[in-house]
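Breakdown of the fold
So the chains spell out like this:
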Amino acid sequence: MEIPAIVGAGLVVIGAGIGIGKIGGSAMEAIARQPEATGKIQTAMLIAAALIEGIGFAALFAV
């Protein structure tokens, strides 16, 4: 693997981590504001996190 590819892979992993972290933080804030909507918020959060991870894996395999 060449140096630019390694840097690109690192940026993909960092970006995916930041995205999932923001989703988790936003979900926790939303649950704190509306505890009765916990199930819907968690479901949306997990789907979004899975999609971000999928894009991250696809980008790593493309590098």
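Residues numbered from 1 in each chain as written. Predicted model: local features only at pLDDT ≥ 70, side-chain atom pairs only at ≥ 80, totals over all residues. Heavy atoms only, no water.

On to the overall build of the chain. In terms of regular secondary structure, the chain is built from 2 helices and 0 strands. By the compact-globule yardstick of 11 Å for 63 residues, the chain is too spread out, its C-alpha radius of gyration being 15 Å. Its C-alpha atoms put the chain at 50 × 15 × 5 Å along the principal axes. Burial status across the chain gives 17% buried among its 63 residues. Here the chain has roughly 4,600 Å² of accessible surface; of this, 73% comes from carbon and sulfur atoms. (Helix = DSSP H or I, 4+ residues; strand = E, 2+ residues; numbered from the N terminus. Rg over C-alpha atoms; globule rule 2.2 N^0.38 Å. Buried < 20%, exposed > 50% of the residue type's maximum accessible area, 1.4 Å probe, protein only. Areas by Shrake-Rupley, 256 points an atom, 1.4 Å probe, with all protein chains shown as cover.)

On to a nonpolar patch on the surface, then. Taken together, the side chains of Ile3, Ile6, Val7, Leu11, Ile14 and Ile18 present a nonpolar region at the surface, about 600 Å² in accessible area. By the element assignment, Val7 lies in helix H1 (residues 3-33). Given a relative accessible area of 47%, Val7 falls into the partly exposed group. (Patch = residues over 30% accessible without salt bridge, like charges linked within 9 Å, V, L, I, M, F, W, Y side chains within 5 Å. Salt bridge = Lys/Arg side-chain N within 4 Å of Asp/Glu carboxyl O.)

Turning next to the environment of Ile31. Along the chain, Ile31 falls in helix H1. Remark: the alpha-carbon pair of Ile31 and Ile41, spanning 10 residues in sequence, is separated by 7.1 Å. Residues contacting Ile31, with those up to four places away along its chain left out, are Thr38, Ile41 and Gln42. (Contact = heavy atoms within 4.5 Å.)

The next subject is the packing of H1 against helix H2 (residues 38-62). Relative orientation and spacing of two packed helices are given, respectively, by the angle between their axes and the distance between those axes. Between H1 and H2, whose axes approach to 9 Å, the crossing angle comes to 175°. As the angle between them shows, H1 and H2 are arranged roughly antiparallel. In this structure, H1 contributes Ala9, Val12, Val13, Ala16, Gly19, Ile20, Ile23, Gly24, Ala27, Ala30 and Ile31 to the contact, and H2 contributes Thr38, Ile41, Gln42, Met45, Ala48, Ala49, Ile52, Glu53, Gly56, Ala59 and Leu60. The residue inventory of the contact of H1 with H2, partitioned by class, reads 16 nonpolar, 5 polar and 1 charged. (Axes fitted to C-alpha atoms, helices over the stretch in contact; angles between N-to-C directions. Parallel < 35°, antiparallel > 145°, perpendicular 65-115°, else oblique. Nonpolar A, V, L, I, M, F, W, Y, C, P; charged D, E, K, R; others polar.)

With that settled, the discussion passes to the UniProt feature "domain: V-ATPase proteolipid subunit C-like" (unreviewed entry) in the chain. Under the present numbering, the feature "domain: V-ATPase proteolipid subunit C-like" (unreviewed entry) in UniProt falls on residues 6-60. Annotated as residues 6-60, this span is 93% helix and 0% strand, and its ends, taken at the C-alpha atoms, are 10 Å apart. (UniProt positions renumbered as here; feature names shortened; annotations may be inferred.)

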